Amino acid sequence: QRNEISAEFFEVHMPAILDNVRSIRDMPALLGYDTMDEPVFNTADQHVDLRRMYLEVKQIDPYHPMYALYSSSIPPGPAATSFGDCLGTDPYWTPGRSLPRGSINWMSQTTARTVARALEVGQHPWTVPQSSLWSDVIKRMLTGPEQICQCYLALIHGTKSLLWFTHGWVAHEEQWQALKTVAAHVNQLTPALTAEDPPQQITYQPGTWDPIQGELP
């Protein structure tokens, strides 16, 4: 029954989705198309409907990528990567909160795992950091230096795109300045960030550093 409800939802909304694609596909500022925010498959086989949407959108606009975004972990299996060109997660680091999200290592670990999965299936890895605040429940906002830090960690661990989430607003001038700083740095670093990764062997002293396996400081 849940699969029927999901299929009916997409059936109802698909004409409007495709009309929207037709209306904006030639806009010069268009980056791509979102599919569904943080889909889950334990209640219905939504990947079936998302795959159908992906194919129908591609018939209208085969040039712009389609984004799939998960909440910090990507389900196993090919179904989870069957409806997008870009594979991403939103590892919202929230300082002052309990682990694991309360540690900056959350950004490193989640990004490294996302990038590994994206490269495995030939997709573009992207990351959605929070810009200021996750929700009204979490009162502690990011500072400017923390914003710069988390974005650089995402880039260091291989993400190729940053698109920020904001809950309501960016509340402080320091946060705006941090976002502008990151944007300016990425603009300068674009040739390096988009180039093929050179062969390298990285060692750490002391200890080990393997974020994919959860081995972090």
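Look up: the structure comes first, before these words.
Quick look at the structure, then.

Reading guide: rules and limits
Per chain, the residues get numbers from 1 upward, laid out in the order the sequence is written. Predicted model: local features are reported for residues with pLDDT of at least 70 only, side-chain atom pairs are reported and counted for 80 or more only, and whole-chain, interface and lining totals are derived from all residues. Excluded from the side-chain calculations are hydrogens and water; all other atoms, namely the structure's heavy atoms, are used. Fitting a line to C-alpha atoms yields each axis, with helices limited to the stretch in contact; the angle taken between N-to-C directions then spans 0 to 180 degrees. Numbering goes from the N terminus for both helices and strands, where a helix is a DSSP run of H or I of at least four residues and a strand is a run of E of at least two. An angle below 35 degrees is read as roughly parallel, one above 145 as roughly antiparallel, one from 65 to 115 as roughly perpendicular, and any other as oblique. Each crossing gets its handedness from the near helix: less than a right angle anticlockwise from the far helix is left-handed, clockwise is right-handed. Contact criterion: two residues are considered in contact whenever any of their non-hydrogen atoms come within 4.5 Å of each other. In plain terms, two cysteine sulfur atoms within 2.5 Å form what is called a disulfide here. Relative accessibility thresholds used throughout: buried, under 20% of the residue-type maximum; exposed, over 50%; partly exposed, between the two (1.4 Å probe, protein chains only). The definitions used throughout rest on a 1 Å grid laid over the protein atoms alone, on which a cavity is an enclosed set of points accommodating a 1.4 Å probe that cannot get out and a pocket is an open set flanked by protein within 12 Å on both sides along at least five of seven lines; lining residues are those having an atom within 4 Å of a point. Grid points are joined across faces, edges and corners, and a volume is the space filled by probe spheres set on the points. A pair of strands is considered paired only if DSSP assigns at least 2 bridges between the two. With its strands directed away from the observer, a crossover is right-handed exactly when the path from the first strand over the helix to the second travels clockwise. Classification of ring pairs uses Phe, Tyr and Trp, with its six-membered ring standing for Trp, and accepts pairs whose centres are within 6.5 Å; under 30 degrees between planes counts as stacked, over 60 as edge-to-face, and the remaining range as tilted. In this scheme, a helix's expected span is set at 1.5 Å multiplied by one less than its residue total.

**A short note on the packing of helix 3 (residues 105-120) against helix 4 (residues 144-156)**
Next, step 1: The contact between helix 3 and helix 4 brings their axes to 9 Å, and the two run at 25°. As summarised for this structure, helix 3 and helix 4 are arranged roughly parallel, according to the angle between their axes. In this structure, helix 3 crosses over helix 4, and the sense of that crossing is right-handed. Residue-level inspection shows Met 107, Ser 108 and Thr 111 of helix 3 in contact with helix 4, the latter providing Gln 150, Leu 153 and Ala 154.

**Describing the state of the cysteines**
Next, step 1: According to the stated counting rule, one finds zero disulfides in the structure shown.
Next, step 2: Cysteine Cys 86 shares no disulfide, and the gap to the nearest cysteine sulfur, in Cys 151, comes to 18 Å.
Next, step 3: Distance from the sulfur of Cys 149, which forms no disulfide, to the nearest cysteine sulfur (Cys 151) is 9.2 Å.
Next, step 4: Given the relative accessible area of 36%, Cys 149 is considered partly exposed.

**Side note on the layout of surface pockets**
Next, step 1: One number sums up the size of the largest pocket: a volume of about 770 Å³.
Next, step 2: Around the largest pocket sit 27 residues that line it, and Ile 156, His 157, Gly 158, Asp 197 and Gln 200 are the ones nearest its centre.
Next, step 3: Contributions of two or more residues to the lining of the largest pocket are made by helix 3, strand 4 (124-127), helix 4 and helix 5 (173-193).
Next, step 4: The calculated volume of the second largest pocket comes to roughly 220 Å³.
Next, step 5: Taken together, 13 residues make up the lining of the second largest pocket; nearest its centre are Lys 160, Ser 161, Leu 162, Val 186 and Leu 193.

**Details of the pairing of strand 2 (residues 66-70)**
Within a regular strand, side chains alternate between the sheet's two faces.
Next, step 1: When you tally the buried positions in strand 2, you get five out of five residues, the bulk of the element.
Next, step 2: Residues of strand 2 alternate between two faces, with Met 66, Ala 68 and Tyr 70 on one and Tyr 67 and Leu 69 on the opposite face, all of them buried.
Next, step 3: As paired strands, strand 1 (residues 33-37) and strand 2 are joined by three bridges and run parallel to one another. The residue bridging Tyr 33 from the neighbouring strand is Met 66, located in strand 2.
Next, step 4: The β-α-β motif built from strand 1, the intervening helix 2 (residues 46-60) and the parallel element strand 2 has right-handed crossover chirality.

**A look at the packing of aromatic side chains**
Next, step 1: This model, assessed by the stated rule, comprises six aromatic pairs.
Next, step 2: Among the aromatic residues, those joined into a cluster by ring pairs are Phe 41, Tyr 70 and Phe 83.

**Things to note about helix 3**
Next, step 1: An ideal rise of 1.5 Å per residue puts 22 Å on 16 residues; helix 3 measures up with 23 Å between its terminal C-alpha atoms.
Next, step 2: The buried fraction of helix 3 is high, at 12 of 16 residues.
Next, step 3: Those residues of helix 3 that are buried are in contact with strand 3 (86-89), strand 4 and helix 4.
Next, step 4: Positioned one or two residues after helix 3, Gly 122 has a phi angle of 70°, which is positive.

**Topic: the sheet that holds strand 2**
Next, step 1: Spatially, four strands are ordered 1-2-3-4 in an open sheet, and the strand pairing comes out parallel. The sheet terminates laterally at strand 1 and strand 4, the two strands that pair on one side only. Each neighbouring strand pair of the sheet contributes to a mean axis angle of 25°, computed without reference to strand direction.
Next, step 2: Pairing of strand 3 with strand 4, which is carried by four bridges, proceeds in the parallel orientation. Residue Cys 86 lies in a different strand from strand 4, and its bridge partner there is His 124.

Structural measurements only, silent on function.
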